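Architecture and fold: a report
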Amino acid sequence: LELLRQKIEKYVSVLDMLKLKDHVFRMRKPNGSFMLNITKTVTAVTLGFPIYFYGVINNYLPYKLPGILASRSRPDFYGAVAMTSGIITFTTFYTLQIWGVAVNLVQPEYAFVAVLLYGISLPVTGMFALNYWRWLVRNREKWLFISMFYKKSMLVSKLVSQREQIVEELEKGKQEYLETKNN
C-alpha cells in the first residue's frame, strides 16, 4: 500500500510539473483521424472567433459588473445581488446599445430590421462567447497534452505507463477487497 501511495505521489508531482491534469489521460478516443480532429478544431476556432469577439465586446461589462457588485455584498446575499444586478445591467446596457445603433448607425429605411437583428444578436452572441470561452479552456488542456507529447514524448509515454500501472493496482486492490467482503 505504501508503494502504491509513493507511485501516486510521484505521478501527481510530474503532472503538476507539466501543468497537466489526470483527466487528460482519460480522454475518449476521438472519432476519425488525428488530422481530421485537428482540422475540425482549427476550423471551429477560426470561424467562432469573430462571433466570440463580437459577443465579448457587446456583453463584457454587463457580464462582469454583477459579479463585482455581488462580491462586495454579504456572502449570503451573493446570488440574489448577482441575479438582480445582472437583470438591471443587461437590460440597461442592451437598451443603451440598441438605442445607440438606432440613433447613430442605421439608415432610416433599414432601421427597424437592423435594430431588431442587432437586439437579437446581443444575448445570442453573449451566450456564444461564454460557451466558446469554456470550450477553449476545456480544449486547452488537450492541446497542451498533445504538444507536450510531441515535445517530451518519452516523459509523456512514461506518465501514461505509470498511470496504467496505478490503475491496474487499484483495480486489483478493489477486486481483492470485494472478494474478501463477499466471503
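Anyway, here's the lowdown on the structure attached to this text. Quick caveat: nothing in here was measured; it's all calculated off a predicted structure.

Some points on the overall build of the protein
Within the protein one finds 5 helices and 0 strands. Expressed as a percentage of its 183 residues, the buried residues of the protein come to 25%. Excluding contacts between residues fewer than 6 apart, the proportion of contacts in the protein whose partners are at least 24 apart in sequence is 73%. Element-wise, carbon and sulfur atoms account for 67% of the exposed surface of the protein, whose accessible area totals about 13700 Å².

A word on helix α1 (residues 2-18)
Between the first and last C-alpha of α1 there are 25 Å, a value that for 17 residues agrees with the 24 Å anticipated at 1.5 Å per step. Where α1 ends, the next residue or the one after it, Lys 19, has phi of about 60°, a positive value.

A closer look at the nonpolar core
Formed by Leu 4, Tyr 11, Val 14, Leu 15, Leu 18, Leu 20, Leu 159 and Ile 166, the largest nonpolar core amounts to 8 residues. At the level of elements, α1 and α5 (153-182) are the ones that each hand at least two residues to this core. In terms of residues, this core owes the most to one element, α1, which gives 5 residues.

A closer look at the pattern of salt bridges
Evaluation of the coordinates by the stated rule reveals 4 salt bridges. One salt bridge in this structure joins Arg 5 and Glu 9, with 2.3 Å as the shortest N-O distance. Here the residue Arg 5 and the residue Glu 9 both occupy positions in helix α1, the gap between them amounting to 4 residues, near one helical turn. Overall, Glu 9 belongs to the partly exposed group, its relative accessible area being 44%. The partner of Arg 74 in a salt bridge is Asp 76, and the shortest N-O contact between them spans 2.7 Å. When salt bridges with common partners are traced through the structure, they connect Glu 2, Arg 5 and Glu 9 into a single cluster.

So, how was this worked out
Residues numbered from 1 in each chain as written. Predicted model: local features only at pLDDT ≥ 70, side-chain atom pairs only at ≥ 80, totals over all residues. Heavy atoms only, no water. Helix = DSSP H or I, 4+ residues; strand = E, 2+ residues; numbered from the N terminus. Buried < 20%, exposed > 50% of the residue type's maximum accessible area, 1.4 Å probe, protein only. Contact = heavy atoms within 4.5 Å. Areas by Shrake-Rupley, 256 points an atom, 1.4 Å probe, with all protein chains shown as cover. Expected span 1.5 Å × (residues − 1). Core = buried A, V, L, I, M, F, W, Y, C linked by side-chain atoms within 4.5 Å. Salt bridge = Lys/Arg side-chain N within 4 Å of Asp/Glu carboxyl O.

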